[in-house]
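# Structure assessment
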Amino acid sequence: MPGWNATHIPDQSGRTAVVTGANSGIGYVAARELARRGASVVLACRSAARGRAAVIRLRTEVPDAEAEFMPLDLADLASVREFAAAYGRRYPHLDLLINNAGVMALPYGRTADGFETQFGVNHLGHFALTGLLLPRLRAAAPGARIVNVSSGFHVLGRIDPADGSLDDPAGEHGYRRWIAYGRSKTANLLFTHELSRRFTAAGSPLTAAAAHPGYASSNLHSGASKLEGPTLNSRVAAFGNAVLAQPTSSGALPTLYAATAPGVRQDAFIGPRLGWRGAPARSWRAKWTLDDRTAELLWAASEKLTGVSYAALPR
């Protein structure tokens, strides 16, 4: 792992990858580098204009790339179902699902299905997508992987069933944007933990892992300012991106490592070696993201809320 970079990505010829939120930032870099190593890549993006532009850019940078855009709005479960159905009609298998798309510290809002936006997009949308694509992932096994992109900011938001966190998917009670973001990123890790446990129990050859980029320059930090205009927080974020953050190409490395490196274990959490920057390494995570009972309860709540059942992976 020391010094690992994109040149160490194994050959991906014959493999198919879906990367959510791949029109820019870490998602775009991940898609580009997978395509560079021979993978057929689907850029799953909400904006058709930005998604198609990203494909054109990718093919310019990697002339022999196999890449296409497919529409996916994680804030709308109908769109998630449409994407999964469309993917199933076009591709017989899926080797790699990178659940990368996300929003951060937004003012209060709701998805099309009535969920608080950060929880709905960052967790529930990806939970539903993964479940709907599971048959295609199983068709590609062994070697198929799911990578959920979390954040070091998961420490800001614990999910505690005792405090009613799972009973308020609309986030109506005492919404605080950074706490909500932290909970959505904790949910990513709990989802990975329970998915890994179920894969192991079922004797499945699929692997579920998680990653975080550290502090990387991306447009994730600008989402809130687009909704509410320039604020002190947005100016601080812009300064951090310019002065402190590592390049997006470096921020994507933990995700690419989790997705492609040999020997990645179930429930691994990969991040920058120094926590906020550096080469990929095993990352520290809050102990509550490894709590079996909370993970099971979040899973059950997520199935109920999304209507997506993982029937092939019983408890």
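Residues numbered from 1 in each chain as written. Predicted model: local features only at pLDDT ≥ 70, side-chain atom pairs only at ≥ 80, totals over all residues. Heavy atoms only, no water.

### A closer look at the overall build of the protein chain
Applicable threshold: Secondary structure elements are taken from DSSP: a helix is a run of H or I of four residues or more, a strand is a run of E of two residues or more, and numbering for both begins at the N terminus. Our radius of gyration is a C-alpha quantity, and the globule rule it is checked against amounts to 2.2 Å times the number of residues to the power 0.38. A simple rule labels every residue: compare its accessible area, found with a 1.4 Å probe on the protein chains alone, to the largest value its type can have, and call it buried under 20%, exposed over 50%, or partly exposed in between. The contact definition used throughout considers only heavy atoms, calling two residues in contact when any of these lie within 4.5 Å. Accessible areas in this description were obtained via Shrake-Rupley with a 1.4 Å probe; residue shielding takes into account the shown protein chains only. Charged residues are defined here as Lys and Arg on the positive side and Asp and Glu on the negative side; His and the ends of the chain fall outside this count. Just so you know, the charge point we use is NZ for Lys, CZ for Arg, CG for Asp and CD for Glu.
Looking only at helices and strands, the protein chain has 10 helices and 8 strands in total. Against the globule reference of 20 Å for 315 residues, the protein chain gives a C-alpha radius of gyration of 18 Å, in line with a compact fold. Seen through its principal axes, the protein chain has C-alpha atoms that stretch 50 × 45 × 40 Å. Expressed as a percentage of its 315 residues, the buried residues of the protein chain come to 56%. Considering only intrachain contacts with a sequence separation of at least 6, the fraction spanning at least 24 residues in the protein chain is 78%. Of the accessible surface of the protein chain, which amounts to about 13,300 Å², a share of 54% is contributed by carbon and sulfur atoms. With 34 positive and 24 negative side-chain charges, the protein chain shows a spacing of 5 Å between the two charge centroids.

### Examining helix 1 (residues 25–36)
Heads up, the rule is: One less than the residue count of a helix, multiplied by 1.5 Å, gives the span that helix is expected to have.
With 12 residues, helix 1 extends 17 Å between its outermost C-alpha atoms, agreeing within 8% with the 16 Å of an ideal straight helix rising 1.5 Å per residue. Burial runs high along helix 1: 11 of the 12 residues are buried. Those residues of helix 1 lying buried are Gly25, Ile26, Gly27, Tyr28, Val29, Ala30, Ala31, Arg32, Glu33, Leu34 and Ala35. Contacts from the buried residues of helix 1 go to strand 1 (16–20), strand 2 (40–45), helix 2 (48–61), strand 4 (96–99), helix 8 (248–251) and helix 9 (253–260). Phi for Gly38, located one or two positions after helix 1, is positive at around 105°.

### Quick look at the packing of aromatic side chains
Put simply, the test is: Within 6.5 Å between ring centres, the rings of Phe, Tyr and Trp (the latter by its six-membered ring) count as paired, and their orientation is classed by plane angle as stacked under 30 degrees, edge-to-face over 60, tilted in between.
Scanning the model with the defined rule gives 13 aromatic pairs in all. A ring pair is formed by Trp4 and Tyr257, whose centres lie 5.1 Å apart and whose planes are at 80°; its orientation type is edge-to-face. A residue pair is termed long-range when its members are at least 10 positions apart, and Trp4 in the segment before strand 1 and Tyr257 in helix 9 qualify at 253 residues. Taken as a pair, Trp4 and Tyr257 share a single burial class, namely buried. Aromatic side chains Tyr87 and Tyr91 sit 4.7 Å apart centroid to centroid with 20° between the ring planes, which places their arrangement in the stacked category. The buried category is assigned to Tyr87, whose relative accessible area is 0%. A residue is classified by how much of its surface remains accessible, and Tyr91, at 14% relative accessible area, is buried. Among the aromatic residues, ring-to-ring pairing joins Phe127, Phe191, Trp299 and Tyr310 into one connected group.

### Structural notes on a nonpolar patch on the surface
In plain terms, the rule: A patch is a set of surface residues, each over 30% in relative accessible area and not in a salt bridge, joined within 9 Å for like charges and within 5 Å for the nonpolar side chains Val, Leu, Ile, Met, Phe, Trp and Tyr. Salt bridges are defined by distance alone: a side-chain nitrogen of Lys or Arg within 4 Å of a carboxyl oxygen of Asp or Glu.
A cluster of nonpolar residues, Phe153, Val155, Leu156, Trp178 and Trp284, forms a patch on the protein surface that exposes about 500 Å² of accessible area. Of note, Trp284 is situated in the loop between strand 8 (280–282) and helix 10 (292–306).

### As for the nonpolar core
Selection criterion: For this analysis, a nonpolar core means a set of buried residues of the types Ala, Val, Leu, Ile, Met, Phe, Trp, Tyr and Cys, connected via side-chain atoms within 4.5 Å.
Within the largest apolar cluster, 45 residues are counted, with the highest numbers of intra-cluster contacts made by Phe83, Tyr87, Leu195 and Tyr310. Elements supplying a minimum of two residues to this core: strand 2, helix 3 (77–90), helix 4 (117–140), helix 5 (177–202) and helix 10. Per-element accounting of this core gives the leading share, 10 residues, to helix 4. Core analysis: the next-biggest nonpolar cluster, separate from the first, contains 41 residues, Trp4, Leu34, Val41 and Leu58 among them.

### Brief notes about the packing of helix 4 against helix 5
Rules: Here the axes come from fitting lines to C-alpha atoms, over the contacting stretch only for helices, and the angles between their N-to-C directions go from 0 to 180 degrees. Should an angle fall under 35 degrees it is called roughly parallel, over 145 degrees roughly antiparallel, and 65 to 115 degrees roughly perpendicular, with every other angle called oblique. Here a crossing is called left-handed whenever its near helix is offset anticlockwise from the far helix by less than a right angle, and right-handed whenever the offset is clockwise.
Relative orientation of the contacting elements helix 4 and helix 5 amounts to 20°, with a least axis distance of 7 Å. In terms of their interaxial angle, helix 4 and helix 5 are classed as roughly parallel. Note on packing geometry: the crossing formed by helix 4 with helix 5 is right-handed. Contacts between helix 4 and helix 5 pair Gln118, Phe119, Asn122, His123, His126, Phe127, Thr130 and Leu134 from the former with Arg177, Ala180, Tyr181, Ser184, Lys185, Ala187, Asn188, Phe191, Leu195 and Phe199 from the latter.

### Side note on the sheet that holds strand 5 (residues 145–149)
The condition that has to hold: Two strands are counted as paired when DSSP detects at least two bridges linking them.
Strand order across the open sheet formed by 8 strands is 3-2-1-4-5-6-7-8, with mixed pairing between neighbours. Looking at strand neighbours, the two that pair on one side only are strand 3 (66–71) and strand 8, the edges of this open sheet. Each neighbouring strand pair of the sheet contributes to a mean axis angle of 25°, computed without reference to strand direction. Examined bridge by bridge, strand 1 and strand 4 share 3 bridges and lie parallel to one another. Looking across to strand 4, one finds that Val19 is bridged to Ile98. In this fold helix 2 packs onto strand 2 and strand 3, with an angle of close to 175° to the strand it touches most, strand 3.

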